[in-house]
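Here are the chains, one letter per residue:
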Amino acid sequence: MAKRCAGAEQQASFFHTATRSTPPNSPSECSPSSNSSSVNCARVPSAARSSAWLRCIAIIALMFVASPVLAADLSTVLSSTPATTPVSTLSSTNNSDVPSSSSSSVPSEYPEEPKDGGGIGIVGAFSGISSFSPTTSGSTLSLNSSRTSLAALSQNSASLLASASADGPITAACAFYNKDGSILSAYIGGSFTTLNSTEVGYIASVNSAGQIDSMNGGVTGPVNALFCNQNSGIVYVGGNFTTVSASLTSSVATMRSNSTGALSLYSSVTKSWLPLPFHGLNGPVFDFAEMDSNVYAVGAFSATVDNATHTALNTQPVNLSACTITGGNSAEIPGFSDPRNIICTPNADSSGNTWLMRDKLTGFYRIDFPFKTTPSLLRLMNTMYQDRGTKAIRIEAASTNQALTMSYLDPVTKSEQFCTQSCPVAQNYQWQEYRFVDNSATLGNISGIVINIVDWYGMGGGFNKIELYQR
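Because the structure is a prediction, the values reported are computed rather than measured. Within each chain, residues carry numbers counting from 1 in the order of the written sequence. Residues qualify for local features only when their pLDDT is at least 70, as the model is predicted, and side-chain atom pairs are given and counted only at 80 or more; totals for whole chains, interfaces and linings, by contrast, use all residues. Heavy atoms from the whole structure form the basis of all side-chain values; hydrogens and water molecules are not counted.

Novice: An account of the packing of aromatic side chains is requested, with residue identities and associated values reported.
Specialist: Stacked, tilted and edge-to-face are the three classes applied to pairs of Phe, Tyr and Trp rings, where Trp contributes its six-membered ring and a pair requires centres within 6.5 Å; stacked means planes under 30 degrees apart, edge-to-face means over 60, and tilted covers the rest. Scanning the model with the defined rule gives 9 aromatic pairs in all. The structure contains a cluster of three or more aromatic residues connected by ring pairs, namely F176, Y187, Y266 and W273.

Novice: Please set out the state of the cysteines residue by residue, giving values where relevant.
Specialist: Here, two cysteine sulfur atoms that lie within 2.5 Å of each other are counted as a disulfide. Going through the model one piece at a time under the given rule, you end up with 2 disulfides. Bridging C419 to C423, the disulfide has an S-S length of 1.9 Å. The sign of the 100° torsion about the S-S bond sets the C419-C423 disulfide as right-handed. Only protein chains enter the accessibility calculation, which uses a 1.4 Å probe; a residue whose area is less than 20% of its type maximum is buried, one above 50% is exposed, and one in between is partly exposed. By relative accessible area, which is 0% here, C423 ends up buried. Cysteine pairing for the protein, with bonded cysteines counted in sequence order: 1-2, 3-4.

Novice: How would you summarise the environment of F418 if you had to cite specific residues and measurements?
Specialist: Helix numbering and strand numbering both begin at the N terminus, where a helix is a DSSP run of H or I of at least 4 residues and a strand a DSSP run of E of at least 2. You can see F418 is positioned in strand β27 (residues 416-419). Placed 11 residues apart in sequence, F418 and S407 show a C-alpha to C-alpha distance of 4.3 Å. Excluding residues that lie within four positions of it along the chain, F418 makes contacts with M406, S407, Y408, R435 and V437. Should any heavy atoms of two residues lie within 4.5 Å, those residues are counted as being in contact.

Novice: Run through the sheet that holds strand β18 (residues 272-274), naming residues and quoting values.
Specialist: Backbone-to-backbone hydrogen bonds pair the strands of a sheet. The strands run either parallel or antiparallel. Pairing between strands requires that DSSP locate at least two bridges from one strand to the other. Pairing in this open sheet of 4 strands is antiparallel, and the strands run β15-β16-β17-β18 from one edge to the other. Two strands bound the open sheet, and with one partner strand each, they are β15 (223-228) and β18. Geometrically, the sheet is characterised by an average inter-axis angle of 30° between neighbouring strands, direction not taken into account. Pairing geometry for strand β17 (residues 263-267) and β18, over 3 bridges, is antiparallel. Each residue of the ladder has a partner; that of L265, found in β18, is L274. Axis definition: a line fitted to C-alpha atoms, limited for helices to the stretch in contact. Angles are taken between N-to-C directions and run from 0 to 180 degrees.

Novice: Tell me about the environment of S376, and please be specific about residues and values.
Specialist: When you line up the elements, S376 lands in strand β24 (residues 375-382). Along the sequence, S376 and R435 sit 59 residues apart, while their C-alpha atoms lie 6.0 Å from each other.

Novice: Give a detailed account of the side chain of N452, specifying residues and quantitative values.
Specialist: Take N452: it is sitting in strand β30 (residues 448-457). Polar contacts, as used here, are pairs of N or O atoms within 3.5 Å; protein pairs need one atom able to donate a hydrogen and one able to accept it. Residues neighboring in sequence count only if both atoms are side-chain atoms. In terms of polar contacts, N452 uses its side chain to reach the side chain of E396, at 3.4 Å.

Listed below in structure tokens is the structure:
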């Protein structure tokens, strides 16, 4: 029997049992005889024997969990659970160091892995779970085996944090940790649409008090994999969905189309979904892995949705100072007639920093390239000098006068809109972005662009700043 207890003690480390009544290097109850190959069990103090039996009982109690529960060592918590795995484990929950949602950065340090001695979180469809401690009687928690549950288990207590809807299981989980190794927040995903009484979109976060955050509506399809990046505070979400429910970004330079292709990012600090610099993947994501500070997605995909490079549109600027700049119908107001005023100027709307057009006349702002350029993004800041401003523009290829299709972000709906003959320009001092939509064959053969001012505010149009980017 002593030999079986020793074996149970080794198994206990797999379940990360933190209590040990005898030091790791103390003599074993059973040791090989010096004169034979048999095993002799020497008498040991009764307290030690009792402790050994208690450890055996603790392991047996854990093995009586009623469903296929996979208990992982706490050092593996940061790895996402594959879509086919019914259960994940997390370390104990404590929400004492939750960063403010208004913070611009994550806490300076997260531990690489939780400390020993705490509890674990268990995700699975099981009918009951028990905790046991050598010094207390522990507790037993009865659960509904027809639903997937997230339970917190420690040596002295077992508590239910969340229970998913009967229409779908929890299949993925990850967590962020406080500096003491306790859980800051846990993220769970799957095929469920309610968690406790809260409606969610296949994903939610839960804190140690069992409070549920629907993560701005979640995503539009099942979640297969989650990865919590401890350094950045970003949750990587993979699955069979096409988009997230919330508005993604205020920038057309990094916005995604309606199809995100099974991959999304969520900031645990700002509590918001983040944009990808491409339109996602063309197949489902099943898992994530981290290596050399890079996060890799694993799944049944072969390319990005749009075959785009993984680079935002506003990363490669065109040197406008080297281009030929022409203003059509420039104003005769001193200090406002030079179209180069708006290139690389950090200054406000004023003389020498703004280009204006003549009163009540249409005009244009022309850029001729000295080298081959494939434009990708145009950024403009309107003028409001004397209540003037540009109200609508049309972008043309300089050599052919072909109207180019542009896209912009609707400031109210945060959705991508398309324009060709007339693209709206708001009257404010914010950057307004227009993405070049035409294919590379069209954009790669133009020698420049013409920004036609077709409508204006007040007495006439103009601009305060301009930037152009290329692929």
